[in-house]
Amino acid sequence: MGDQFETGQHALLNEGEENEMEIFGYRTQGCRKTLCLAGSIFSFGILPLVFYWRPAWHVWAHCVPCSLHEADTVLLRTTDEFQIYSWKKIMWIHLSALNSALGLTADHPLITDEEYIINRAIRKPDLKVRCIKVQKIRYVWNYLEGQFQKIGSLEDWLSSAKIHQKFGSGLTREEQDVRRLICGPNSIDVEVTPIWKLLIKEQSVKLHHLVKSHNSITVSVCGRKAGVQELESHFLVPGDLLILTGNKVLMPCDAVLIDGSCVVNEGMLTGECIPVTKTPLPKMDSSVPWKTQSEADYKRHVLFCGTEIIQAKAACSGTVRAVVLQTGFNTAKGDLVRSILYPKPMNFKLYRDAIRFLLCLVGIATIGMIYTLCVYVLSGEPPEEVVKKALDVITIAVPPALPAALTTGIIYAQRRLKKRGIFCISPQRINVCGQLNLVCFDKTGTLTKDGLDLWGVVSCDRNGFQEVHSFASGQALPWGPLCAAMASCHSLILLDGTIQGDPLDLKMFEATTWEMAFSGDDVHMKGVPANAMVVKPCRTASQVPVEGIAILHQFPFSSALQRMTVIVQEIGGDRLAFMKGAPERVASFCQPETVPTSFVSELQIYTTQGFRVIALAYKKLENDHHTTALAREKVESDLIFLGLLILENRLKEKTKPVLEELISAQIRTVMITGDNLQTAITVARKSGMVSKSQKVILIEANETTGSSSASISWTLVEEKKHIMYENQDNYINIRDEVSDNGREGSYHFALTGKSFHVISQHFSSLLPKILINGTIFARMSPGQKSSLVEEFQKLDYFVGMCGDGANDCGALKMAHVGISLSEQEASVASPFTSKTPNIECVPHLIKEGRAALVTSFCMFKYMALYSMIQYVGVLLLYWKTNSLSNYQFLFQDLAITTLIGVTMNLNGAYPKLVPFRPAGRLISPPLLLSVIFNILLSLAMHIVGFILVQRQPWYSMEMHSACTVQNESISELTMSPIAPEKMESNSAFTSFENTTIWFLGTINCIIVALVFSKGKPFRQPTYTNYIFVLVLIIQLGVCLFILFADIPELYRRLDLLCTPILWRVSIVIMLSLNFIVSLVAEEAIIENRALWMMIKRCFGYQSKSQYRIWQRDLANDPSWPPLNQTSYSDMPGCGRGVSYSNPVFESNEEQL
């Protein structure tokens, strides 16, 4: 189909989203439909099969192009590199069913308001809605805008004021009925594939059980006129007002909180089971869409489907209320299920090469068909026999089990991973794991322990920082604003008498020795809600002038904002605001005179030792303001700096050995963290990511300011010498005198998210050079983490990302292989989830990926040889107008190949990671040479056997058996005919050529299985695969038994002829020679990595991967890396001017 479309025929669906598609309008024509029906009948069902595999052909054959407005069929095409087609029939929803109940007419006020998509989709006056359903999502035709739009969600353009005004009182029953009919039920249905259609998929069964409970939850819904009523969750519609009561409630939909607050467990989504506080959506007068009205993440107001509400806390209105935002498959949980049902296709070269090879086999089969037609026609065979034999060649030459065989290694690897607590929702990515050559790690909770130990606190006053208060001494922290901040500035909750929440908050609160409770009858204070959280000093505490502190309002922590703030009320005292967060962020909100002049150097002392540092600040508020009416911007201004909280962030036990293992295997390791830069550098050194002999070069980039253009500077980091640095965002130790050591030895670049942003904007030509040696990226926002992973992919790296799932969701999804450390079996965060909360899952995944990849190659080679062995044998027999019998085919296919295919893949992964990867594609020189050489070797053996058997003195063209009697010499051989009446039925198959070819082919299949079964360095040695070895021994034993056994009935069943012992020995000798030559060639040439590397050097081959090209260029550049230099964006060669882009899932590097 060309790119010329009729007016209105072409549009974009989900524009700008991950699942963006092109949509084309078509109208069915009766005459075309009739012709296609006739074609289906006359082709005996082949045409519908073709249309099934080629959806676009189905539409082009049945329909003519038209505008989307007039279409009854739409053709969909993905906009990614795969260009996958699908088609859908346009359906109609009739609102006439509601006429009798609601008295619905075209001028009813309920549908005349065209402010919402639902009303714009209703065709008047017949009250019908056009819709399509694509990947479980319903789209309706918007008559006002002339396009298909997603339904089942509240409109994104709604402002917070509009949400409060329109939906704050609930929907009427009429509105609910209309929305329910158009949007569909709030259910996530996963059908279990019936047995008559396909063998039940384990995944569909698991998904069915996963979502079954979601569809049967009872909720409280407030109607505008009906009041509060109990309702089954599948009746919910977008806009419904939920009343949340009690604890341990499972959310059946996505909803935006408009009143009260909730503490939820989002482990199913993020992989992090730490309670998260959700705050109500503030009602603002602005008409800005509610998602963008604040710099903070809008998700802090959203309760996601599938998450558990641990605690619902009412505000002044007395109820916790939330407006249903999205239902069904539009929800967060629905998105997770859809990502499993419709995984993103993998453009991994292995699968494309397999298709290409199949096409080559089709070409070979075509040659065989022509040969067969010529032989059988010239022999005067009847036409039906000629056609049957010709079609046989296709089924022999093209192994239908090849695609399935390529996936068996993945299945076994997935099972082994599951035993290790690593779960996978995208099994195809296991093969990609075997190609990883760069792994990015989050720091906190991934490389370092979740549990932080509170080391001490450094308070400050007008004179600067005071002495460190160490909690190891057991001495309590003196009362003051700093103590109050530590006791109240957190998001902890009290659940069943146990304090739960973020480990950092927990350690900070425990250090104060205060207690937590709910405000009850004993607390009567103006502005303090009845069930507010109150922290109180313990009974043993002395010299604390307040009875307690009530936490009135929270602005929760956001990784994008790097801070959290609370508004509290001292019982019998002042109303205060406390802030806690990244030191440089907190300091920027404080009055400059309250921040000590030694702030940078004091901070540097602790960050260089790898401590995690949190800053605290506060201010007094006026008591007459209502807390929820206060804007965050007003609260977070003119604060007074209180001091620094010092936490010890220790490495996990497995971190250092795992990183050493990856680095020794020449797999790059990169740290991407939201933490402080100096802390990240220290952790990188301690973990071994940066060795003692390697240098760290700090890159600092600054935005354009006034008359000066954007700048970038390069400084060598010194570990010991402490010198103040002028920029507070980068408190780092700088070397005064720089030698050339940084250029001579290996080096690593370290930079912050701010610098990364400036470089991307103003120094894009330097970005790939920096990424080649960029190892430490600190203060990175979630969006910057995703961008960095994408930039690495553009350099042709196969990128893995390992994180705790909390702030890394985007990067985990963007990476080729995303690994979330979580207790959940599957999260929306990543394709892989590890229950073991450390990074040892990374080398396990890479090992299993490499093993699965090599297994796929082994199976590919075996299936190719198996089909070619049969193909060669059959074509030789066709020369004599003979063939293999059904039982002979059956024995080779089932008793030999099927058993080998099932057991050959059982080898586990080799326990050691080697410093090179297996080939990433089938069309690589060693693999192709192996296949071609073994095909030629088998061809030679078959031809030799075929010719030699005809030259034997006992050979006769008549159907007979030639067996030895008493004397074994050829001269005394006598012919012992098998009963003629028994032979007549098999005369089409039995011959000496048939017997010889069948034995050579059958045992050769066993030989190539043993030769191709690879062990080290990517899989366990073959002898450890006991089942496979046992199967080969039994198969070989059975074949030799048949070969040497003189059992007439067995021979008759298999259509074999008895031959002299000497000839049988000759067959064994030919097979032995074949085995020896094949094994020697495989080990000495095909698998000889050193030989292939030498050949590459001789021919001057160099990798075409982008990162390899840049590495070679930089190695020859004496001016790189620049040290003690500052460059500006308006200087030549520093700005834009580089373009590098490659498909995400491709690598141009030929690995051997």
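Residues numbered from 1 in each chain as written. Predicted model: local features only at pLDDT ≥ 70, side-chain atom pairs only at ≥ 80, totals over all residues. Heavy atoms only, no water.

1. A short note on the packing of aromatic side chains
And then number 1: All told, the structure shown has 30 aromatic pairs when counted by the stated rule.
And then number 2: For the ring pair Tyr 376 and Tyr 878, a centre distance of 5.3 Å and an interplane angle of 85° mean the geometry is edge-to-face. Here Tyr 376, found in helix H12 (residues 349–378), pairs with Tyr 878, found in helix H29 (residues 841–878); they are 502 residues apart in sequence, far enough to count as distant.
And then number 3: Exposure remark for Tyr 376: the relative accessible area of 1% places this residue in the buried category.
And then number 4: Overall, the relative accessible area of 0% leaves Tyr 878 in the buried class.
And then number 5: On the basis of an interplanar angle of 70° and a centroid distance of 5.0 Å, the ring pair of Trp 954 and Phe 992 is categorised as edge-to-face. Residue Trp 954 is found in the loop between helix H31 (925–950) and strand S42 (962–963), and its partner Phe 992 is found in helix H33 (residues 992–1012); the two are separated by 38 residues along the sequence.
And then number 6: Judged by its relative accessible area of 2%, Trp 954 falls in the buried class.
And then number 7: The structure contains a cluster of three or more aromatic residues connected by ring pairs, namely Phe 756, Phe 777, Phe 792, Tyr 797 and Tyr 1107.
And then number 8: Across from the ring centre of Phe 916, 4.2 Å away, lies the NZ or CZ of Arg 1089, which sits over that ring. (Phe/Tyr/Trp six-rings, centres within 6.5 Å; stacked < 30°, edge-to-face > 60°. Helix = DSSP H or I, 4+ residues; strand = E, 2+ residues; numbered from the N terminus. Buried < 20%, exposed > 50% of the residue type's maximum accessible area, 1.4 Å probe, protein only. Lys NZ or Arg CZ within 6 Å of the ring centre and 35° of its normal.)

2. Considering a nonpolar patch on the surface
And then number 1: On the surface, Leu 1036, Leu 1040, Phe 1044, Val 1065, Ile 1069 and Leu 1073 cluster together into a nonpolar patch covering about 460 Å² of accessible area.
And then number 2: Elements that contribute at least two residues to the nonpolar patch include exactly helix H34 (1026–1044) and helix H36 (1061–1086).
And then number 3: Relative to the assigned elements, Leu 1040 resides in helix H34. (Patch = residues over 30% accessible without salt bridge, like charges linked within 9 Å, V, L, I, M, F, W, Y side chains within 5 Å. Areas by Shrake-Rupley, 256 points an atom, 1.4 Å probe, with all protein chains shown as cover. Salt bridge = Lys/Arg side-chain N within 4 Å of Asp/Glu carboxyl O.)

3. Some remarks on the sheet that holds strand S14 (residues 249–250)
Whenever strands of a sheet pair, they do so through backbone hydrogen bonds, lying parallel or antiparallel.
And then number 1: Taking strand neighbours across the sheet as the criterion, the four strands line up as S14-S19-S16-S17 in an open arrangement whose pairing is antiparallel. The open sheet has two free edges, formed respectively by S14 and strand S17 (276–278), since each of these has just one partner strand.
And then number 2: Relative to strand S19 (residues 308–313), strand S16 (residues 261–265) is paired through five bridges, and the arrangement is antiparallel. Opposite Asn 265, over in S19, you have Glu 308 as the bridge partner. (Pairing = 2+ DSSP bridges.)

4. A few points about empty space enclosed by the protein
And then number 1: Using the criterion set out here, one finds three cavities of 30 Å³ or more in the structure.
And then number 2: The computed volume of the second largest cavity comes to approximately 50 Å³.
And then number 3: Taken together, Ile 117, Ile 118, Ile 151, Gly 152, Ser 153, Leu 154, Glu 155, Arg 179, Cys 183 and Pro 238 make up the full set of residues lining the second largest cavity.
And then number 4: Taken together, the residues of the lining of the second largest cavity break down into six nonpolar, two polar and two charged. (1 Å grid on protein atoms, 1.4 Å probe; cavity = no way out; pocket = protein on both sides within 12 Å on 5 of 7 lines; lining within 4 Å. Points joined across faces, edges and corners; volume = space filled by probe spheres on them. Nonpolar A, V, L, I, M, F, W, Y, C, P; charged D, E, K, R; others polar.)

5. Focus: the sheet that holds strand S18 (residues 302–303)
And then number 1: Spatial strand order, S12-S11-S13-S20-S15-S18: six strands in an open sheet with antiparallel pairing. In this open sheet, the two edge strands, each paired with only one partner strand, are strand S12 (227–232) and S18.
And then number 2: In this structure, strand S15 (residues 254–259) lies alongside S18, joined through two bridges in antiparallel fashion. Across the sheet, residue Ala 255 finds its bridge partner in S18, namely Leu 303.

6. Focus on the confidence of the model for the protein
And then number 1: Mean pLDDT over the protein stands at 81; residues scoring 70 or higher make up 84%.
And then number 2: In the predicted structure, residues 195–202 sits below a pLDDT of 50 and forms six contacts with residues beyond four places in sequence or in another chain. (pLDDT = per-residue confidence, 0-100. Contact = heavy atoms within 4.5 Å.)

7. Quick look at the UniProt feature "transmembrane region" (unreviewed entry) in the protein
And then number 1: The positions that UniProt labels "transmembrane region" (unreviewed entry) are, in the present scheme, residues 354–378, 390–413, 860–879, 885–906, 927–949, 995–1013, 1025–1045 and 1065–1086.
And then number 2: In this annotation, residues 354–378 is assigned 100% helix and 0% strand; the end-to-end C-alpha distance for the span is 36 Å. (UniProt positions renumbered as here; feature names shortened; annotations may be inferred.)

8. Describing the pairing of strand S31 (residues 575–581)
And then number 1: Most of S31 sits inside the fold, with seven of its seven residues counted as buried.
And then number 2: Here S31 shows two buried faces, one formed by Arg 575, Ala 577, Met 579 and Gly 581 and the other by Leu 576, Phe 578 and Lys 580.
And then number 3: Bridge analysis of strand S30 (residues 563–570) against S31 gives seven bridges, and the strand direction is antiparallel. Within S31, the residue paired with Arg 563 across the bridge is Gly 581.
And then number 4: Remark: four residues form the turn of the hairpin made by S30 and S31, two consecutive strands paired antiparallel; Gly 572 in that turn has positive phi of roughly 85°.
And then number 5: Two strands pair when backbone bridges link them, and S31 and strand S32 (residues 611–621) are joined in this way by seven bridges, in the antiparallel orientation. Residue Arg 575 lies in a different strand from S32, and its bridge partner there is Leu 621.

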